[in-house]
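As a plain string of letters, each chain reads:
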Amino acid sequence: MGLELKYPLLLLLFIPAIMTIVFFAKDRTQLGKIEKVSVITLRSIIYTLLILALTVPTILYPINGVTTVFVVDRSASVGQQENKMVGAVEDAVDKKEVEDRYGIVSVADNASVVRSISEKPLNTTQLPVMEKTNYTNLAEGIQLASSMLSNAGGRVVVLTDGNENVGDALQATKFAAQQGIEIDVMPFAPATKTDVAIESLEVPSTLYVGEQAKLSIDIESNQDLNATLQITKNNEQIISEKIDVKQGRNSYSFSHIVDSTTLHSYKAEIIAEGDEVQQNNAAHAVASVKGTPTILIVEGNEGDADNLANAINSASLSIVETKPELLPTNIASLLQYDSIVFANVSATKVSQLQMEMIKTAVNDFGVGFIMTGGMESFGLGGYFKTPIEDILPVDMELKGKQEMPSLGMAIVLDRSGSMAGYKMDLAKEAAARTVELLRDKDTLGFIAFDDKPWQIVETAPLDDKQEVVDSIRSIQEGGGTAIFPALQQAYDQLTPLELKRKHIILLTDGQSATNADYNSLISDGLNDNITISTVAIGSDADRRLLESLAMEGNGRFYDVADASTIPSILSRETALTTRTYIEDNPFYPTPIAGTSVSQLFGEGIPKMNAYIATTEKGRAETVLTSEKGDPVLTSWKSGLGKTIAWTSDLKGEWAGAWPAWNEWPVMWNDLITWTLPTFQQNAYDVVQTTNGKEVVLTIESADTDLLPLESKLVDDQGSEVDAELRSIAPGKYEMSFAAEPGIHYLQLMKREGEEIKSTFNKAIVVPYSKEFEVKRENDPLLQDIVTVGNGKLIESPEQAFRALTNKNVKKQTIEELLLLLAFFLFIIEIAIRRFGIQPLIAKVATIRSNHQHEAAAKNEKIEKTFGRLQEKKKVSTHRIHQVETKMTIDKNVTKNVSNKPISNVKQKDNKILKNNGDNKANSKIAQTDDHEDRLDRLLKAKNKRRR
């Protein structure tokens, strides 16, 4: 057993303590000699206890055996070495002494306890699976192992390649060493896998249209390999070359002509046969390209945007034309365009993901958006309740629904097992949107089918829309697929109804028997004004049957490859069935004075043939209206972007003479220019650093504007990343987020009230984790760990339980006990100085004497009570004897006269008298018993007090 002081220098406090006692001893106080000696003695002890408590003393108890905690590195860089590490731990445990103890900790991204401290043998060598192995956090593993050893000391053995990339293992080792814990290292080389990695892709951060951009690539490999190097720009391949990669570092450079503006996302990827690590095969870079703004025109049908393209070309704007099916599905590809124009594009051709990307590009990055009309646009195109409708200045629902003709609709939905999950959820959501588009008195029926029809909603007027929606959303998947019975049921229910328009929508993803008489069913339906549209979902649907049904039934056939378009299809079908979305009475639009392009209409405007009816949103600015007050040209700001709705077409079938109007190119030039994003590209200096699993952005501005800064960070799929902007100094901010590899986009803005005063965008490239770099064993770090941790590099497992340099002890701090004892002695000292020893002793004696007198008085009182009780007992005994004698005489008398005849009344009286006598006697006896019990209790109390 020993004693350890945490702060031994505090023992110097004994010097002033001794001086204080000496001064007190020399002081002429009123205390007597005994009191003074007592106070000096107590005060000396108190000072000693307090000073020792301040040094934080610890009693050391020797412990037999060695306690070792193994920290096993299970990160991706170690890989196949895990079995060897576990085998080393097993060998060490097998060769330990009986009194030795051990524990096991796994570490990768985080540390976890695999086995707590134990003396029992290792029953299994299988470690639990670790889900996150993209980083190596040796520091957390050492800290967790040290906490398991607590204050008993011991050894930590780290089995690793030393390639940490999170935390500071050296600092954790230093803290452990201060607790008397030794840190050993058993080194293991990284996994011996064939590996080629792209270490970096360098592209100038700012480029100009027409410039030859230099692309520099560094590749690291641990073997000679043949590989293919591919480079893409905004997901479009621009370079693909076969290369010979040598072991070590390889550098390549390429050039590429920049042909469009805004942000360009570059990606380099290497493909090599035999490469066993795929996580490090790609690298990203982003460049901002300046020059002529680029406009993306999306045509629903060929020729829909020719008049607009000609107008834009004359305005010296760069254009790119594409089809809706080819729209980008990531932010990087969309951000290469300054504005996007939809020319008569149906929502059924645009997936939910593509719509979400466009909404993110507009709201968060300021990309412009324009939608123009036609038979496949706005409400007719199925944009009701879509992300595109959210960013437009108009709603798809109409103000004049009461003018619509009477409508009956039946939805026939496949609920077979193959529809379960995502497809079924989208189909139900689509049906719910249909209910919202219908008027309250429109007729709707809903039939689900598997191997037989199921009537979900009775075909009747919509009295309670919410109840109908709830019924639709309660549908569950079933068994097989039988289309004809359900379709026949829908026709039978719509046939007798007196409605102007009757329509059936059939949705299925499967096959059904084709021997039924579909032709007669559809022909009879047309005679009753019933049309049918069909939707084939997925590759297993019977396209031939469904297409023929739609063709014969005067409807439309939809071949759905992306199930997310199902809600748009049903919205479009509902709009087309009503046929009142199209306003086709020729008119002259009315310009609204004070708008941005109103000066163009000073000398008159052409006549317009038709447009799609929509409803203006609250904050939108309408430039042109129809004779019915419907918006024809409307604009507004959506987030950081600006959007425009032109509800007529571009070809001239609806727009009439507008495409031939002299001001047509000027108008569209002004409208597109208005939608272009405006950013302050040099407003902020953004510095990026990577700290293990976290990316830290330091954002600094020279602007003294005190407006609050808002931020948003999204990944390449448009999903918002959890990152909070915090101010660390005037004009300086910091943001941190999880380091997921890929391109992220930072958007900053300053807002004054509801108005956005300035915006700033920057792409942030996050490389893959350093865990996947091509590397060797980190010997310098391992050597530093054992040096700081007072350990050694061990090669054989049994060394893990060798004798500790410092004897293994258990520690117990005692400062609380010393403080408690000092407190009690301090109370005694106060009592001596206040009362003195002799008065204090006298007072104690007085108190004791008083207690004795009180005890004697109580004994005397007990004696008197005892005497009285004895007298009462004698009297009671005498009375009981008299009563018993009398009862005996009465019984004899009664016995003598019992043979004499007496009346029943006398017998009863005698019986009552006898009972009364017995009761009185019993009462006397009971009283006597009570006295005896009380007397016994007093005797016991008296004897106890005497003892």
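Given the structure is predicted, the values throughout are model-derived calculations rather than measurements.

A.B. asks: For this particular structure, what's the right way to read the overall build of the protein?
C.D. replies: Of regular secondary structure, the protein possesses 20 helices and 41 strands. Taking as baseline every contact in the protein between residues at least 6 positions apart, the subset at least 24 positions apart corresponds to 74%.

A.B. asks: Got a minute to help me understand the packing of helix α1 (residues 14-26) against helix α2 (residues 33-54) in this structure?
C.D. replies: Two quantities define a packed helix pair, namely the angle between the axes and the distance from one axis to the other. Direction vectors running N to C along α1 and α2 enclose 170°, while the axes themselves pass 10 Å from each other. In this view, α1 runs roughly antiparallel relative to α2, as classed from their interaxial angle. Residues F14, A17, T20, I21, F24, A25 and K26 of α1 touch α2, and the partners they reach there are K36, V39, I40, R43, S44, Y47, T48 and I51. Looking at the contact of α1 with α2 residue by residue, the class counts come to 9 nonpolar, 3 polar and 3 charged.

A.B. asks: Please explain the environment of T329 as it appears in this structure.
C.D. replies: Mapped onto the elements of the fold, T329 is located in the loop between β17 (318-322) and α7 (331-334). You can call T329 partly exposed: its relative accessible area is 36%. Spatially, the C-alpha atoms of T329 and M355 are 8.8 Å apart, while their sequence positions differ by 26 residues. Apart from the residues within four sequence positions on either side, T329 is in contact with L353, Q354, M357 and Q717.

A.B. asks: Would you explain the pairing of strand β37 (residues 724-729) in this entry?
C.D. replies: Along a regular strand, successive side chains alternate from one face of the sheet to the other. Two elements, β37 and strand β38 (residues 732-738), share 5 bridges in a ladder whose sense is antiparallel. If you follow S727 over to β38, its bridge partner there is Y733.

A.B. asks: I keep staring at the sheet that holds strand β14 (residues 262-272) and nothing clicks. Help me out?
C.D. replies: Strand pairing in a sheet relies on backbone hydrogen bonds. The paired strands run either parallel or antiparallel. The mixed open sheet is built from 5 strands, whose spatial order is β9-β15-β14-β11-β12. Because the sheet does not close on itself, it has two edges, and the strands there are β9 (206-208) and β12 (236-245). When the angles between neighbouring strand axes are averaged without regard to direction, this sheet yields 30°.

A.B. asks: I'm lost on the nonpolar core in this one. Help?
C.D. replies: Counting residues in each nonpolar core, the largest one holds 79 residues, and the members touching the most others are F342, I358, F369, Y383, I388, L507 and Y745. Counting residues in hydrophobic clusters, the runner-up holds 34 residues, among them A343, I370, F587 and F601.

A.B. asks: Would you mind showing me how to read the sheet that holds strand β3 (residues 67-73) here?
C.D. replies: A sheet is described by the order of its strands in space; here 5 strands give the open sequence β5-β4-β3-β6-β7, paired in mixed fashion. Both outer strands of the open sheet, β5 (111-118) and β7 (181-187), are each paired with one neighbouring strand and no more. Ignoring which end each strand starts from, the neighbouring axes of this sheet average 15° apart. In this sheet, strand β4 (residues 101-107) lies alongside β3 in parallel orientation, the contact comprising 7 bridges. Within the sheet, the bridge partner assigned to D73 lies in β4 and is V107.

A.B. asks: What is the right way to look at helix α15 (residues 566-578) in this model?
C.D. replies: Residues spaced three or four apart along an α-helix point in a common direction, a consequence of the helix completing one turn every 3.6 residues. Helix length check: α15 (13 residues) gives 19 Å between terminal C-alpha atoms against 18 Å at 1.5 Å per residue, within 8%. When you tally the buried positions in α15, you get 13 out of 13 residues, the bulk of the element.

A.B. asks: In this structure, what is going on with the packing of aromatic side chains? I would like to understand it.
C.D. replies: Think of a pair of aromatic rings as described by two things: how far the centres are apart, and how the planes are tilted against each other in angle. Scanning the entire structure with this criterion turns up 14 aromatic pairs. Consider the rings of F70 and F801, whose centres lie 6.0 Å apart with planes at 65°: the pair is edge-to-face. Placement of F70 in strand β3 and of F801 in the loop between α17 (779-788) and β41 (809-813) is noted, with a sequence separation of 731 residues between them. What makes F70 buried here is its relative accessible area of 2%. Relative to W668, the ring of W664 has its centre 5.7 Å away and its plane inclined at 65°; by these criteria the two rings are edge-to-face. Taken as a pair, W664 and W668 lie in helix α16 (residues 664-675) at a separation of 4 residues, close to a single helical turn. In this structure, W664 and W668 share a single accessibility class: buried. In textbook terms, an aromatic cluster arises when at least three aromatic residues are bridged by ring pairs, as seen for F601, W646, W658, W661, W664 and W668. Note that R43 overlies the ring of F24, its terminal NZ or CZ placed 4.6 Å from the centroid.

A.B. asks: Looking at this structure, how should I read the environment of V686?
C.D. replies: Structurally, the position occupied by V686 is in strand β34 (residues 685-691). Remark: the alpha-carbon pair of V686 and I699, spanning 13 residues in sequence, is separated by 4.6 Å. Among all residues touching V686, those that are not within four sequence positions of it are L697, T698, I699, L746, F760, K762 and I764.

A.B. asks: Where do I start with the side chain of T577 in this structure?
C.D. replies: Note on placement: T577 falls in helix α15. Those residues within four positions of T577 in sequence are excluded, and the remaining contacts are L407, M409, R501 and H503.

A.B. asks: Is there a simple way to explain the confidence of the model for the protein in this structure?
C.D. replies: Fine structural detail should not be taken from predicted coordinates in areas where pLDDT scores are low. With 86% of its residues at a pLDDT of 70 or more, the protein has an overall mean of 83. The spread of mean pLDDT over the elements of the protein runs between helix α20 (residues 904-946), the lowest at 52, and strand β19 (residues 368-372), the highest at 96. Predicted confidence is poor over residues 897-914, with pLDDT under 50, and the contacts of this stretch with residues over four places away or in other chains come to 2 contacts.

A.B. asks: Help me understand the pairing of strand β26 (residues 557-560), please; the structure alone is not making it clear to me.
C.D. replies: Judged by which residues are buried, β26 turns out to be one-sided: Y558 and V560 face inward and are buried, whereas F557 and D559, on the alternate face, are not. Bridge analysis of strand β25 (residues 530-537) against β26 gives 4 bridges, and the strand direction is parallel. Pairing of A536 across the sheet is with D559, part of β26. Traced from β25 through helix α14 (residues 543-552) to β26, the parallel crossover comes out right-handed.

A.B. asks: Honestly, the pattern of salt bridges in this entry has me stumped. Any pointers?
C.D. replies: Working definition: two side chains of opposite charge can pair if their charged atoms are close together. Taken as a whole, this structure holds 23 salt bridges when the rule is applied. A salt bridge links K233 to D259, with the nearest nitrogen and oxygen atoms 3.0 Å apart. With K233 in strand β11 (residues 225-233) and D259 in the loop between β13 (248-257) and β14, this pair connects stretches of sequence that are 26 residues apart. Here K233 falls in the buried class, since its relative accessible area comes to 4%.

A.B. asks: Teacher, can you tell me more about unusual backbone geometry here?
C.D. replies: Across the chain, the bulk of peptide bonds are trans and the bulk of non-glycine residues have phi less than zero. Despite not being glycine, N234 shows a phi value in the positive range, around 50°. One can find N234 in the loop between β11 and β12. Among the residues examined, N234 registers a relative accessible area of 7% and is labelled buried. The phi dihedral of N554 falls on the positive side, at around 55°, and the residue is not glycine. Note on N554: relative accessible area 54%, which makes it exposed.

A.B. asks: Please explain the environment of E164 as it appears in this structure.
C.D. replies: Tracing the backbone through its elements, the reader meets E164 in the loop between β6 (154-160) and α5 (169-178). With a relative accessible area of 22%, E164 lands in the partly exposed category. Taking C-alpha positions, E164 is 8.8 Å from K770, a pair spaced 606 residues apart along the chain. With sequence-adjacent residues up to four places away left out, E164 is seen in contact with T136, L138, A139, A169 and L781. Within the structure, E164 has its side chain in polar contact with the backbone nitrogen of A169 (distance 3.2 Å).

A.B. asks: Would you take a moment to explain the packing of α5 against α17 for this structure?
C.D. replies: One can describe the packing of α5 onto α17 by two numbers: an axis separation of 9 Å at closest approach and a directional angle of 15°. Regarding the angle of α5 to α17, the classification is roughly parallel. For the pair α5 and α17, the crossing hand works out as right-handed. Where α5 abuts α17, its residues A169, L170, T173, K174 and A177 lie against D784, I785 and V788. Considered class by class, the residues forming the contact of α5 with α17 number 5 nonpolar, 1 polar and 2 charged.

A.B. asks: Whenever I open this one, a nonpolar patch on the surface confuses me. Can you help?
C.D. replies: A contiguous nonpolar patch, built from L9, L12, I15, I18, M19, V22 and F23 and spanning about 740 Å² of accessible area, is present on the exposed surface. With respect to the helices and strands, the residue I15 is situated in helix α1.

A.B. asks: Just to check I follow, could you spell out the side chain of S564 for this structure?
C.D. replies: With respect to the secondary-structure elements, S564 resides in the loop between β26 and α15. Reaching out from S564, the side chain makes a polar contact with the backbone nitrogen of Q352 at a distance of 3.0 Å. Reaching out from S564, the side chain makes a polar contact with the side chain of D562 at a distance of 2.8 Å. Ignoring anything within four residues of it in the chain, the contact list for S564 reads S351, Q352, Y422 and L426.

Scoring rules and cut-offs
- Residues numbered from 1 in each chain as written.
- Predicted model: local features only at pLDDT ≥ 70, side-chain atom pairs only at ≥ 80, totals over all residues.
- Heavy atoms only, no water.
- Helix = DSSP H or I, 4+ residues; strand = E, 2+ residues; numbered from the N terminus.
- Contact = heavy atoms within 4.5 Å.
- Axes fitted to C-alpha atoms, helices over the stretch in contact; angles between N-to-C directions.
- Parallel < 35°, antiparallel > 145°, perpendicular 65-115°, else oblique.
- Nonpolar A, V, L, I, M, F, W, Y, C, P; charged D, E, K, R; others polar.
- Buried < 20%, exposed > 50% of the residue type's maximum accessible area, 1.4 Å probe, protein only.
- Pairing = 2+ DSSP bridges.
- Core = buried A, V, L, I, M, F, W, Y, C linked by side-chain atoms within 4.5 Å.
- Expected span 1.5 Å × (residues − 1).
- Phe/Tyr/Trp six-rings, centres within 6.5 Å; stacked < 30°, edge-to-face > 60°.
- Lys NZ or Arg CZ within 6 Å of the ring centre and 35° of its normal.
- pLDDT = per-residue confidence, 0-100.
- Right-handed = clockwise from strand over helix to strand, strands pointing away.
- Salt bridge = Lys/Arg side-chain N within 4 Å of Asp/Glu carboxyl O.
- Polar contact = N/O pair within 3.5 Å; in protein donor to acceptor, adjacent residues only side chain to side chain.
- Left-handed = near helix turned anticlockwise from the far one by under 90°.
- Patch = residues over 30% accessible without salt bridge, like charges linked within 9 Å, V, L, I, M, F, W, Y side chains within 5 Å.
- Areas by Shrake-Rupley, 256 points an atom, 1.4 Å probe, with all protein chains shown as cover.

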